[in-house]
Amino acid sequence: MASTKATVDTTDIAPSGVPGVSDTTGMTEDSLTPATDVAASGAFIEPEIVARIDVDHPAVDNNPRKGQPRIANQIDFNDPALGSEAAVAKNLKNQAEA
């Protein structure tokens, strides 16, 4: 698979005296619009970041849920207001209604 997107240019990034912190002096701030969608992981990702992801790269699995049943792809949002017993009772009740 040939990639159509350019790789990230790191020529202006130099190691700094502080480990783990790059020297980005003189670089302009990236302008991103607020995220409007939620990724499958639950993360909010800005549209510009999504556009920059090279999903044709062989190291990227661009269809990680392929072959999974529908129930496995549902997101379970835990309710922090429920205790353990109430959460179990609610889940059992929901399963009985389904």
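Conventions used here
- Residues numbered from 1 in each chain as written.
- Predicted model: local features only at pLDDT ≥ 70, side-chain atom pairs only at ≥ 80, totals over all residues.
- Heavy atoms only, no water.
- Helix = DSSP H or I, 4+ residues; strand = E, 2+ residues; numbered from the N terminus.
- Buried < 20%, exposed > 50% of the residue type's maximum accessible area, 1.4 Å probe, protein only.
- Contact = heavy atoms within 4.5 Å.
- Areas by Shrake-Rupley, 256 points an atom, 1.4 Å probe, with all protein chains shown as cover.
- Salt bridge = Lys/Arg side-chain N within 4 Å of Asp/Glu carboxyl O.
- Polar contact = N/O pair within 3.5 Å; in protein donor to acceptor, adjacent residues only side chain to side chain.
- Patch = residues over 30% accessible without salt bridge, like charges linked within 9 Å, V, L, I, M, F, W, Y side chains within 5 Å.
- Expected span 1.5 Å × (residues − 1).

(A) Spatial organisation of the overall build of the protein. Scanning the protein for helices and strands turns up two helices and two strands. Along the protein, helices and strands appear, N-terminal first, in the series β-β-α-α. By the burial criterion, 1% of the 98 residues in the protein qualify as buried. Counted over contacts in the protein with a minimum sequence separation of 6, partners at least 24 positions apart contribute 21%. With the model as given, the accessible surface of the protein reaches about 8,800 Å², and the carbon-plus-sulfur share is 56%.

(B) Spotlight on the pattern of salt bridges. Scanning all chains against the criterion turns up one salt bridge. Of the charged contacts, one joins D30 and R52 as a salt bridge, the two residues approaching to 2.7 Å between their closest N and O atoms. Taken together, the residues D30 in the loop between strand 2 (22-23) and helix 1 (47-52) and R52 in helix 1 connect sequence positions 22 residues apart. The exposure class of D30 is partly exposed, given its relative accessible area of 42%. The exposure class of R52 is partly exposed, given its relative accessible area of 46%.

(C) Here's a closer look at the side chain of D54. Assignment of secondary structure puts D54 in the loop between helix 1 and helix 2 (84-97). There is a polar contact of 3.2 Å between the side chain of D54 and the backbone nitrogen of D56.

(D) Representation of a nonpolar patch on the surface. On the surface, V50, I53, V55 and V60 cluster together to form a nonpolar patch covering roughly 280 Å² of accessible area. One can find I53 in the loop between helix 1 and helix 2.

(E) How the structure looks around the environment of F44. Within the secondary structure layout, F44 lies in the loop between strand 2 and helix 1. Separated by ten residues in the primary sequence, F44 and P34 place their C-alpha atoms 8.9 Å from one another. Look past the residues within four positions of F44 in its chain and what remains in contact with it is A35, D37 and V38.

(F) Broad picture of the environment of S31. Within the secondary structure layout, S31 lies in the loop between strand 2 and helix 1. As for S31 and E48, which are separated by 17 residues in sequence, their C-alpha atoms are 8.9 Å apart.

(G) Representation of helix 2 within the structure. Over its 14 residues, helix 2 runs 20 Å from end to end, which matches the ideal 20 Å to within 8%, given 1.5 Å per residue. Little of helix 2 is tucked away: zero of the 14 residues are buried.

(H) Layout of the environment of N73. Positionally, N73 belongs in the loop between helix 1 and helix 2. Residues N73 and A40 lie 33 residues apart in sequence; the distance between their C-alpha atoms is 8.9 Å. Excluding residues within four positions of it along the chain, N73 makes contact with R65 and Q68.

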